[in-house]
Amino acid sequence: MNQHVNSSRMIVCDGNEAAARAVVLARPDVVSVFPITPQSSLVESLAQFVADGALGAELINAEGEHSVLSALQGACLAGARTYTATSGPGLAFMFEPYVRTPGLRLPMVVSLVTRDMLSPQCVWGGQQDAMTVRECGWIQIYCEDVQEVLDTVVMAFKLAEHKDVLLPVNVCHDGNYLSYGVSRVELPAAELVDQFLGQPEVNWHIALDPERPMSVDPLTGGTGPGGAASFVGYRKSQVRGMAAALEVFSDIHAEWGERFGRHWAPLVEEYRLEDADIAIITIGSMTGAGKDAVDAARDCGQKVGLIKVKTYRPFPREAMIAALGKVKAAGIVDRSVSFAWDCGPLHQDVMTALFASPLRLPLVGFIGGLAGADITATHFERVIAETTRAAGGNVPSSPVWLNEHD
Amino acid sequence: MTDTHAHYLIVGSSHAGREALAAIRMADPKGRLVMLSREGRMPYSPTILPYVASGRSQPDRVGLADAEWFTENAAELVLNAQVVAVDPAARAVRLADGRRWTYDKLLLATGAEPVVPPVKGLDRVRYHVLRTLDDALSIRERSTQARRAVVLGAGLVGMHAAETMAAAGLDVTMVEMRPHVLAEYFDPKASALIRQTFERHSVRMMMGRRLLWAMETVPGSCRLGLDDGTELEADLLLVAAGVRPAMAMLADSGITIDKGILVDDRMRTAAPGIWAAGDVAQARGFLTGVPVVNGTLPEAVEQGRIAGMDMASDPDLIPYGGGIPLNTYGFFGRHAMAVGTAAVPEGDGIETVTDEGNGQNGYCRIVLKDNRLIGLAAIDRVMDAGILWRLILRRTDLSPVRQQFLSHPLETARALMSRGWR
Amino acid sequence: MPSQDTIRFIPERCDGCGDCMTACAKAKGGASRISIVGSGGGGWDIALCRQCGDPKCVANCPAGALDKHYGSGIVGWSQDLCVDCHLCTIGCAYGGIVFESAAGHVQKCDLCDGTPACVPACGKGALEHLSAAARLHETHADKEDLFVPGLSACQGCNSELLIRHTMRRIGRNSVVAAPPGCIPGMGTVGYNGQTGAKMPIFHPLLTNTAAMLAGVKRQYERRGKDITVVALAGDGGAVDVGFQSLSGAAERGERILFICVDNEGYMNTGMQASGSTPFGSWTSTTPVGTVERGKSTDGKYLPQLMMGHGCAYVATASTAFLDDYHTKLEKALAASRTGFAYLHVHAPCPTGWRFPAAMTTEVCRRQVESNFVTLWEFTAEDGLRFTHAVDRPRPLSDYVGMIGKYKHLGNAEIERIQASVNRRVAFLKGFCRQPSAAE
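Conventions we followed
Residues numbered from 1 in each chain as written. Chains lettered and ligands numbered in written order. Predicted model: local features only at pLDDT ≥ 70, side-chain atom pairs only at ≥ 80, totals over all residues. Heavy atoms only, no water. Helix = DSSP H or I, 4+ residues; strand = E, 2+ residues; numbered from the N terminus. Rg over C-alpha atoms; globule rule 2.2 N^0.38 Å. Buried < 20%, exposed > 50% of the residue type's maximum accessible area, 1.4 Å probe, protein only. Contact = heavy atoms within 4.5 Å. Areas by Shrake-Rupley, 256 points an atom, 1.4 Å probe, with all protein chains shown as cover. Lys, Arg positive; Asp, Glu negative; His and termini not counted. Salt bridge = Lys/Arg side-chain N within 4 Å of Asp/Glu carboxyl O. Buried area = accessible area lost by both parts, 1.4 Å probe. Polar contact = N/O pair within 3.5 Å; in protein donor to acceptor, adjacent residues only side chain to side chain. Nonpolar A, V, L, I, M, F, W, Y, C, P; charged D, E, K, R; others polar. Pairing = 2+ DSSP bridges. Domains from an automatic or database assignment. Axes fitted to C-alpha atoms, helices over the stretch in contact; angles between N-to-C directions. Parallel < 35°, antiparallel > 145°, perpendicular 65-115°, else oblique. Left-handed = near helix turned anticlockwise from the far one by under 90°. Core = buried A, V, L, I, M, F, W, Y, C linked by side-chain atoms within 4.5 Å. Phe/Tyr/Trp six-rings, centres within 6.5 Å; stacked < 30°, edge-to-face > 60°.

1. Digging into the overall build of chain A
Here is step 1: Within chain A, the secondary structure is distributed over 13 helices and 16 strands.
Here is step 2: Taken over C-alpha atoms, the radius of gyration comes to 21 Å for chain A, in line with the 22 Å a tight globule of 406 residues would show.
Here is step 3: Counting only C-alpha atoms, chain A reaches 65 × 60 × 45 Å along its principal axes.
Here is step 4: By residue count, 60% of the 406 residues in chain A fall in the buried class.
Here is step 5: Counting only contacts in chain A whose residues sit at least 6 apart along the sequence, the fraction spanning at least 24 positions is 80%.
Here is step 6: With an accessible surface of roughly 15000 Å², chain A has 54% of that area assigned to carbon and sulfur atoms.

Below is the structure:
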């Protein structure tokens, strides 16, 4: 690869390639891959980078996602910085080692190129896959555009490997809209990224290493002597690591901004919220159209702002409450469904956050963009209109399905 | 804990004590293990003594266990330690020299001592017994000066001694009050075969006679008078008229004794923390169920092992199967053996089959009850005593192979055991 | 106590010709120390010194004439010290030490200083000189035992034997995976902060052992470190849910050694059937009732499948033939430096198969002697080679009859298993480079 070592440069690429280029910059030791739509071009790029010598990693072409993640677990226990990407059914197949990774405190980075879940049979974007695993103990980050994908994948390694966190991170970018959406992005200089990330130290706490012989993950818990206390100790520290991620990630974003000049909001981004009456809450690539709609409404004199959720797990409760404190009503646009609550999962989290604060305001739920459907500025006009009505006291009892008649 | 406290204290250093020591160490590598021996020498077997007396075995080459063996077994041997009293309540023993040892677990394996019959004048003549190596050496020394030897008692010790003295060129006479030699093992016919061999080797066999008196002739020699009027001259008189368990130290101990120290099938005595094994113990007889003193070397080994395993709480312990008379006997190059009640007469459900080999070819007597072997005696026949012992102990039903067993006992017994082990 | 040589007698092959006795008598002068006796019904049995580990003949000797040589294993007899009391013969339950009147003293086998004359004299193969244990002891006894004492394996389980032998050989410079099953169930990985082995060891999932090990190995290769990477998996973690990752790792030629310890079911969780469970077996999920009679299909034969994976080495093994196992372990370890190595070790389960705990090794042996289990190795270059060809197999009923999980079977079912055993042997022979290599 003809990348300049000391200076950044501009390139044009899609989100999958941006993620792959970020992985090259992060210099992982082991990358394991298995193709699945809409992630495939990402791992194809990785394989090509390895073939070209641009990425000096061990590449394991595993026979399925289950083994992909398993191989990475082994590599990580042997001290490797690791990466893979998956999507939809691949994530489902990966589930068994997936749920185990946070408990082992293995600091992996895995891109989720989000896809709606079967069935009905579909191969298109939607966040149902990532949302389904939101309670597994992985950190989940959602990106808005191709540049943010690139920057966030790099930052995710620093977050995962931070000793106060030590947890696996999913960087989610929307299938179709970000996976294939091409944009002009700035590629940071490799040497600067090296300085930013530092040397990986991923298995200081747990290792499969003859120089440090130990039993990794012996049977723990039960009613035997110390079993319960031991298990609780592990679980509590895992929860602490998750909670610590919010502050650590904020610091990482601040450092990134200083080093590379791009200042992303680490947890939630407040867009034109200062004097807003209502806010729309977005997650992922829909945010761009949402911001356009906010701008258009502002041009018409409507006091509308936007809250973009970037860090979804752990949920940035304080940041969300602070943002909501500035408006009288909010409309939440989910790209997936929480079947238990007849709303979107993000909607459910916002409700939970509100309950933990003295704040009370009407929330309107919207579900859109399923299975590759586009959420356009027109859809957001409806979001703004419904949310404005709710601020006046007229709150629909169930979610508004944006693409219901598209 | 003092330096005279042992977790395991073994009194006696012959086969039962030695086997118990080894068995304890198999199960417990650590607990302090001390063996007290009344001897000033390293342990040896009483069974070897006639051979030392005859000069066949060298006294310095008959050790049962050397210092290295005790070191390997992390055990201590205390010599010149004759126990004269046992205090079960205090868990202590007192030695002849006043020393005292305390224990958590005690094994009495003190063996047996010779019985000297009350014969007029015997206490005023020089006679020998054969219990210790010193006794054997003393006989050996006397043999070099003596010409005429008299052996009182035709049990195993007396027979061995008579044979070895005859082989050494002495003029030997045996006096036995019972009509047969080795009567506890062999039926009259087998006994007669053995006796005739002795007679062929010029040993005078005076059976059914009793010694009435003894008187010194010249210093070291004596004249002996028998109940039939016979008078014998002896330069060397060996009294081998039987033994009895050595348990004088139990007087006033409260431990239950009969002919020997009564033990159960784990060799436990009635006193907590005290076991007994070997010639001093009186354990269940296999065929009778009645406790017997079965003073044979294989039984001492068996009982010692059981006692040791039980003392060390070895979970693999299989309780004692019961005592059976056992004897193998080599004499003048011939071989005799008796296992079980080989001498019992026929009748009362007992069948015997005797093969006299035309008077030329050895002798074999098989004793069956309910088609199970209860005894077998043989002379000059190849026979596996160990296999026969186990056929008896297992009460192996011989019905399916009865005819083969009676005609070919060696091969049939081997086949039965070979199959059983596979 | 070291392991030592012994002579094994296979009664089915003995025709009572007595050639062994002739050879012994000639070699030793005088009477033979090995005795073949008719057992009635046309069979033959043996009386011979077993060179016992704790010999009672020695304990019964008052003269110090008998002793056990812990180097050679031989129970030695000294004519010089013997006093001809014959008490030793009372100690022996095998007819192994006998008074011979022609010689005038007792006689016993001394294994002819390591090359017993009787064994080659037997033209029927009824005698085998088993020196493997002694050799293994010599080779491996000084190596460190890396497995903890006090494991909670079921009584009679041969996995502990296998694990100890394997760990001793591979040593500390290794990483071991023990997926859920009996092997970690007996404490191999550890419980609540305690370890089960003195080496890096871990629980993978039941499903992903080979993949996790591939990741471990790749990272060490990347760092230029030669680490031995071994799986000790059960059949569930290999033939069933573990198969995909095993297959993938084998196809990719990952440089690892995968040992499948096959107890033909999910024994750790209560004896459920697995893909490896043979036809007819009772298990808790293929029970015997009025309608169903145990497992209705044959088991999957994984070693054969592994031959199709381009492995560097594939072999089967049995703990009744530990020398054979060690030979294969050496080859497998060497092969695991260049590609994927697979060992399939048969592990009869006393608890789940319902046979006495003391019989495990005999069960292993009969598996092989009946061809229910075949011992072979395979490489792409040399094809399949039987390492312990059984030319005169026992009838399968000799093996099946020992096992409680088959006790409901009738002759028809046993014949069906016999037929599938025969088919398998014939099929495997087809992989031999030269058919005569099976000899």
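2. A short note on the side chain of Arg390 of chain B
Here is step 1: Looking at the element boundaries, Arg390 of chain B is found in helix 8 (residues 385-393).
Here is step 2: No salt bridge is formed by the buried Arg390 of chain B, whose closest oppositely charged neighbour, Glu302 of chain B, lies at an N-O distance of 5.6 Å.
Here is step 3: For Arg390 of chain B, the residues in contact, after removing those within four places along its chain, are Met417 of chain B together with Lys56, Ile90, Gly91, Cys92 and Ala93 of chain C.

3. Notes on the interface of chain A and chain C
Here is step 1: Contact residues are listed per partner, giving 43 residues for chain A and 38 residues for chain C.
Here is step 2: For the pair chain A and chain C, the two sides together bury roughly 3000 Å², of which 53% comes from carbon and sulfur.
Here is step 3: Put simply, chain A and chain C have four salt bridges between them.
Here is step 4: Linking Arg222 of chain C and Asp29 of chain A is a salt bridge whose minimum nitrogen-to-oxygen distance equals 2.9 Å.
Here is step 5: Applying the counting rule to chain A against chain C returns 20 residue pairs in polar contact (both at pLDDT 80 or more).
Here is step 6: Mapped onto the side of chain A that touches chain C, the elements with two or more residues apiece are strand 3 (58-61), helix 3 (65-77), helix 5 (95-100), strand 9 (215-216) and helix 9 (227-260) of chain A.
Here is step 7: No other element matches the eight residues that helix 3 of chain A contributes to the side of chain A that touches chain C.
Here is step 8: Its residues assigned to classes, the side of chain A that touches chain C comprises 21 nonpolar, 14 polar and eight charged.
Here is step 9: The pairing of strand 9 of chain A with strand 10 (residues 201-202) of chain C spans two bridges and is parallel. Bridging from a neighbouring strand, Ser215 of chain A pairs with Ile201 of chain C of strand 10 of chain C.

4. Thoughts on the domain arrangement of chain B
All names here are of chain B.
Here is step 1: By the assigned domains, chain B splits into domain 1 (5-112 + 244-311), domain 2 (116-241) and domain 3 (335-421).
Here is step 2: Relative to domain 3, the C-alpha centre of domain 2 lies at a distance of 32 Å.
Here is step 3: Between domain 2 and domain 3, the residue contacts involve eight residues of the former and ten residues of the latter.
Here is step 4: The interface formed by domain 2 and domain 3 includes one salt bridge.
Here is step 5: Looking at the side of domain 2 that touches domain 3, its residues break down into six nonpolar, no polar and two charged.

5. Considering the arrangement of the chains
Here is step 1: Contacts are most numerous between chains A and C, taken over all two pairs of chains that touch.
Here is step 2: One finds no contact between chain A and chain B; the C-alpha atoms of the two approach each other to within 27 Å at their closest.

6. Quick look at the interface of chain B and chain C
Here is step 1: With 40 residues of chain B at the interface, the matching set in chain C holds 35 residues.
Here is step 2: Buried area between chain B and chain C, both sides added, is near 3300 Å², and the carbon and sulfur share of it is 55%.
Here is step 3: Contact with chain C buries area across many residues of chain B, yet Arg61, Thr328 and Arg414 of chain B alone supply 16% of it, more than any other trio.
Here is step 4: The interface formed by chain B and chain C includes four salt bridges.
Here is step 5: The partner of Arg305 of chain B in a salt bridge is Asp54 of chain C, and the shortest N-O contact between them spans 3.2 Å.
Here is step 6: Mapped onto the side of chain B that touches chain C, the elements with two or more residues apiece are helix 1 (15-27), helix 7 (297-311), strand 20 (326-331), strand 21 (334-340), helix 8 and helix 10 (409-421) of chain B.
Here is step 7: In terms of residue class, the side of chain B that touches chain C is built from 16 nonpolar, twelve polar and twelve charged.

7. Points about the domain arrangement of chain A
Residues and elements named next belong to chain A.
Here is step 1: For chain A, the domain assignment lists domain 1 (9-202 + 249-258) and domain 2 (269-401).
Here is step 2: A separation of 27 Å is found between the C-alpha centroids of domain 1 and domain 2.
Here is step 3: When domain 1 packs against domain 2, the two sides together hide about 2000 Å² of surface, and 49% of this comes from carbon and sulfur.
Here is step 4: Looking at the side of domain 1 facing domain 2, the largest losses of area belong to Arg134, Glu144 and Tyr177, adding up to 32% of the total buried there.
Here is step 5: Ranked by residue count, the leading element in the side of domain 1 that touches domain 2 is strand 6 (residues 139-142), at four residues.
Here is step 6: For the side of domain 1 that touches domain 2, the per-class residue count stands at twelve nonpolar, seven polar and six charged.

8. Focus: the packing of helix 3 of chain A against helix 8 (residues 209-222) of chain C
Here is step 1: Packing of helix 3 of chain A against helix 8 of chain C brings their axes to within 6 Å, and their N-to-C directions diverge by 45°. It follows that helix 3 of chain A is oblique to helix 8 of chain C by the angle criterion. In this structure, helix 3 of chain A crosses over helix 8 of chain C, and the sense of that crossing is right-handed. Counted together, Ser67, Ser70, Ala71, Gln73, Gly74, Ala75 and Leu77 of chain A of helix 3 of chain A and Ala211, Met212, Gly215, Val216 and Gln219 of chain C of helix 8 of chain C form the full contact between these two elements.

9. Topic: the nonpolar core
Here is step 1: Of all hydrophobic cores here, the largest spans 109 residues; its most connected members are Ile281 and Leu324 of chain A together with Phe258 and Phe340 of chain C.
Here is step 2: Apart from the residues within four sequence positions on either side, Ile281 of chain A is in contact with Ile307, Val309, Met320, Leu324, Ala330, Gly331, Ile332, Val333, Leu346 and Val350 of chain A.
Here is step 3: In terms of nonpolar packing, the next biggest core, distinct from the first, is built from 94 residues, Tyr51, Ala146, Leu326 and Leu388 of chain B among them.

10. With respect to the packing of helix 7 (residues 146-161) of chain A against helix 8 (residues 190-197) of chain A
Residue and element names in this part refer to chain A.
Here is step 1: It is at 10 Å that the axes of helix 7 and helix 8 come closest, and there the two elements cross at 25°. Here helix 7 is positioned roughly parallel relative to helix 8, judged by the angle of their axes. Classified by chirality, the crossing of helix 8 by helix 7 is right-handed. Touching Val154, Met155, Phe157 and Lys158 of helix 7 are Val193, Phe196 and Leu197, all from helix 8.
Here is step 2: Of the residues belonging to the contact of helix 7 with helix 8, the class tally is six nonpolar, no polar and one charged.

11. Looking at the sheet that holds strand 16 (residues 261-262) of chain B
Hydrogen bonds between backbone atoms are what pair the strands of a sheet, whose relative direction is either parallel or antiparallel.
Residues and elements named next belong to chain B.
Here is step 1: Reading across the sheet, the three strands line up as 16-18-19 and stay open at both edges, with mixed pairing between neighbours. The open sheet has two edge strands, strand 16 and strand 19 (291-292), and neither has a second partner.
Here is step 2: Here strand 16 runs beside strand 18 (residues 281-284); their pairing, made up of two bridges, is parallel. Within strand 18, the residue paired with Leu262 across the bridge is Gln282.

12. Quick look at the packing of aromatic side chains
Here is step 1: As enumerated under the stated definition, the model contains 18 aromatic pairs over all chains in all.
Here is step 2: Seen from their ring centres, Tyr142 of chain A and Tyr312 of chain A are 5.9 Å apart, and the 85° between their planes marks the pair as edge-to-face. Of this pair, Tyr142 of chain A sits in strand 6 while Tyr312 of chain A sits in strand 13 (residues 311-313), and the two are 170 residues apart along the sequence. Across the pair, Tyr312 of chain A and Tyr142 of chain A agree in class, each one buried.
Here is step 3: Residues Phe196 of chain A and Phe260 of chain A carry aromatic rings whose centres are separated by 6.2 Å and whose planes lie at 80° to one another, so their mutual orientation is edge-to-face. Taken together, the positions of Phe196 of chain A in helix 8 and Phe260 of chain A in helix 9 put the pair 64 residues apart, joining distant regions of the chain. The same class applies to Phe196 of chain A as to Phe260 of chain A, namely buried.
Here is step 4: Among the aromatic residues, those joined into a cluster by ring pairs are Phe198, Tyr329, Phe331 and Phe332 of chain B.

13. So, unusual backbone geometry
Here is step 1: With an omega dihedral of 0°, the bond running from Thr37 of chain A to Pro38 of chain A counts as a cis peptide bond.
Here is step 2: Of note, Pro38 of chain A is situated in the loop between strand 2 (30-33) and helix 2 (40-52).
Here is step 3: Of note, the bond from Leu118 of chain A into Ser119 of chain A is cis; its omega dihedral lies within 30 degrees of zero at -10°.
Here is step 4: At Arg91 of chain B, a residue that is not glycine, the phi angle is positive and equals roughly 50°.
Here is step 5: With respect to the helices and strands, Arg91 of chain B occurs in the loop between strand 4 (83-87) and strand 5 (92-95).
Here is step 6: For Asp252 of chain B, which is not a glycine, the phi torsion comes out positive at approximately 70°.
Here is step 7: Assignment of secondary structure puts Asp252 of chain B in the loop between strand 15 (243-245) and strand 16.
Here is step 8: What makes Asp252 of chain B exposed here is its relative accessible area of 83%.

14. Observations concerning the pairing of strand 12 (residues 257-262) of chain C
All names here are of chain C.
Here is step 1: Taking burial as the measure, the six residues of strand 12 include six buried ones, the bulk of the element.
Here is step 2: Here strand 12 shows no split at all, with Leu257, Ile259 and Val261 on one side and Phe258, Cys260 and Asp262 on the other all buried.
Here is step 3: By the bridge criterion, five bridges tie strand 11 (residues 228-234) to strand 12 in an arrangement that is parallel. Paired with Leu232 across the two strands is Ile259, which belongs to strand 12.
Here is step 4: Here six bridges tie strand 12 to strand 14 (residues 341-346), and the two strands are oriented parallel to one another. If you follow Val261 over to strand 14, its bridge partner there is Val345.

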